[in-house]
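# Results of the structural survey
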Amino acid sequence: MNSQFRKLFFYSLFVSVILWFLFCLPSPLFKNKTCTVLEDCNGTLLAARIADDGQWRFPNSKRVPLRFISSIIQFEDRNFFIHPGFNPFAFIRAIKQNIKAKKIVSGGSTLSMQVIRLSRKKKNRTIIEKMIEIVLALRLELTYSKPEILTLYASNAPFGGNVVGIDAASWRYFGRETEKLSWAESATLAILPNAPSLIYPGKNQELLFGKRNRLLDQLYISKIIDKETCELSKQEPLPGKPHPIPQIATHLLQRAVKDGFNGKRLQSTIDGHLQEGLNEIIENHHKILRTNEIHNACALVLEVNKGNVLAYVGNTDNTGKAEYESDVDVINAPRSTGSILKPFLFASMLSDGELLSTSLIPDIPTQIAGYVPQNFNTSFDGAVPAKRALARSLNIPAVRMLQNYGIEKFNYNLKKIGMTTLNYSPDHYGLSIILGGAEGKLWDIAGMYASMARTLNHYTVYNGKYDKGDFHPPVYIQQEEKNPSLEEASIFDAASIHLTFEAMVEVSRPDEDAGWRQYTSSTKVAWKTGTSFGFRDGWAVGVTPKYIVGVWVGNADGEGRPGLIGVQTAAPIMFDIFSLLKPGKWFSTPYDEMEKVGICHQSGYRATDICEPIDTIRIQKSGLRTEPCKYHRMVHLDASGKYRVNSNCESVTKMQHVSWFVLPPAMELYYKSKNPSYKELPPFRNDCETNGLSAMEIIYPKQFSKIYVPVELDGKLGKTIFQVAHRGANSTIYWHLDEFYIGCTKVTHQMALSPDEGIHTLTLVDETGESLVQKFEIVSGKK
């Protein structure tokens, strides 16, 4: 019985020991805090953030250079590749050396045992601890290959101060990546873990120098390096003051930490050379901008087809001046968008069949429910083709387009294509959203333009189909390419996108707008600028088939500055960035999504039978649903062609029937001053009664408008400027307010009035007897 019990006991003990041995190795072996490390697309270090425990400890090395491997094996463990984790000969030799020296001068540990000791930090160096290290080292060798063990050692060995691991040591002591270390530098790093608190760069230099050179000699004796290499390596100086870790993309690193990658090594999509070039461009412009007290700028470069981020500069460098908030990543900060969203409205209306790029849009004084938009140059063109309104970034046509399209639909589209900052209802933003009434992030906006360009590119690649996944945010971490999910339609059709980009290529500013410049580039670029109210934000976004460049300029604290205008501050940066990028071909024209159609030359609408001349151009297929020309009409003239007539005063056989381009009075008033070729309607002959077209139009106020009038310092209501347009160049208009005659105007029909608070009736009568009657209400804060 006792014999059986003993057998069972020893058997159980044996099984327990085996099980303990199998499961004794912790997993993971190291649980240390590590730095967040950001690399470019080729694996080169862009930036790193110190670990949460204050150590420069990079995540495990992906590759340990051969020179360091050769050096560390020669210095620490020459039999590394043949022992099972424990070298009894080295252990016995260490015991003899310690007895002879009467102190511990050698531990006899293999590299495998040192990996175990590093993982069991803060353990006392006792005989029992040494036995545990031996057992765990044997177990380590069963789980990890020899190269993996070397990687564990190189990644976790101390190199003096707060530097842990060969990657951090290479950058801190030599300012370069491990693959570029010389033999002398590799030998220096191989020595440091042996006594990191005693010997490290800047301390005990003579001792360190001697140890390094003896190791180089050993490498020569072992025929790992030749004599010339050995002697030249001995001449290399030791490292001195630690180098700073590269911080080439600090704000992208900051973004990665916020995105949950703290303590990870990330291989990004960044092009390292382009990133450095972008840093230089931003700082060069920063030197100019700060003379106008503009202290912040950011820029983003995207590759179109995948949406990869190629360069990311989140702010300028204002070291030592915390008030300028250089730590803020402005690429990810919501800012007033100015006019930068106008192309998305243009594309929306084209794609939905509510606009042709050539159609005339009113550009006249406008008031909509108390909202009074103004063009940047405060002038009016009367009417302007939609694509020219976009190219010139005219505000009033954009507001009128949005009013026709619908605020709700536009907000829905913006969210669908990637705008994440619209947190309120469409009514909250109103029509002002098209002029900067909402905030947007450069990250989102650049991504939205990239998605449009990607859709247009892929339409050609996928033979007239659309990839459902084309609209997505930018990507800064390398990812596997996804298979396309093809469908017949997209948010915007390819033709509408193409026409939008073509309109953006023509971006310019009229000559009379002093201070504005037109930028050109050797590469064809579709571009748009934006300026927020109060000159707080300057934007510029450029599009080519290969690249998107987005730029923002301003002050992080929101302070406005004179001259902080997108085309003057952000556009020069954008074109400097494009000069770093390889030019390419322009977008292919999506002919399958377009139709040849006759377009009225003067109105830009689909031509009717009475339009002349007619241009035949390609429009998006959805444009076939747009309304035909509404500005051409048949006019009946007498034989001289100087007067309009009708059947009440002239025989039909004696009439000339002429197609005439006629704008409404308010549009005509401003249009004819900018378009000398515009022909006004001839007057009616004296013996003919006026009929048909109205000769007058009230520009301000509109019917049933509520006009808020502030109270002046004397306690009286201020004056309001009332304005009327008349077709007659020398016409006289007689003004009546609430049935009382108040005066007349000739040629220029404006009058400053100060009606009392309440509802009033304005009556206008011209010299032919034509009249207009309109009601309005005066509202004030007067008590």
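Moving on to the environment of Asn 305. If you trace the backbone, Asn 305 turns up in the loop between β6 (296-303) and β7 (309-313). The class of Asn 305 is partly exposed, set by a relative accessible area of 36%. Measuring from C-alpha to C-alpha, the distance between Asn 305 and His 458 comes to 8.0 Å, with 153 residues separating the pair along the chain. Setting aside chain neighbours within four positions, we find Asn 305 in contact with Arg 454, Asn 457 and His 458. For Asn 305, the side chain forms a polar contact with the side chain of Asn 457, separated by 3.1 Å.

The next thing to look at is the sheet that holds strand β25 (residues 740-746). Pairing in this open sheet of five strands is mixed, and the strands run β22-β28-β27-β24-β25 from one edge to the other. At either end of the open sheet lies a strand with only one pairing partner, and these are β22 (705-708) and β25. Each strand axis lies, on average, 30° off the axis of its neighbour in the sheet, ignoring direction. Bridge count between strand β27 (residues 758-766) and strand β28 (residues 771-779): eight bridges; the pairing is antiparallel. Of the residues in β28, the one forming a bridge with Val 765 is Ser 771.

Applying the stated criterion across every chain, the model contains one disulfide. Cys 649 shares a disulfide with Cys 688; S-S distance 1.5 Å. When the S-S torsion is 90°, as for the bridge of Cys 649 with Cys 688, the disulfide is right-handed. Linking Cys 649 in the loop between β19 (632-637) and β20 (656-661) with Cys 688 in the loop between α21 (665-674) and β21 (696-700), this pair joins segments that are 39 residues apart in sequence. Given a relative accessible area of 17%, Cys 649 falls into the buried group.

The subject of this paragraph is the side chain of Asn 555. With respect to the helices and strands, Asn 555 occurs in the loop between β16 (547-554) and α20 (566-578). Taking relative accessible area as the criterion, Asn 555 reaches 2% and is therefore assigned buried. A distance of 2.8 Å separates a polar side-chain atom of Asn 555 from the backbone nitrogen of His 295. Once residues lying within four places of it in the same chain are set aside, the contact partners of Asn 555 are Glu 293, Ile 294, His 295, Asn 296, Arg 335, Arg 536 and Arg 561.

Conventions used here
- Residues numbered from 1 in each chain as written.
- Predicted model: local features only at pLDDT ≥ 70, side-chain atom pairs only at ≥ 80, totals over all residues.
- Heavy atoms only, no water.
- Helix = DSSP H or I, 4+ residues; strand = E, 2+ residues; numbered from the N terminus.
- Buried < 20%, exposed > 50% of the residue type's maximum accessible area, 1.4 Å probe, protein only.
- Contact = heavy atoms within 4.5 Å.
- Polar contact = N/O pair within 3.5 Å; in protein donor to acceptor, adjacent residues only side chain to side chain.
- Pairing = 2+ DSSP bridges.
- Axes fitted to C-alpha atoms, helices over the stretch in contact; angles between N-to-C directions.
- Disulfide = S-S within 2.5 Å.

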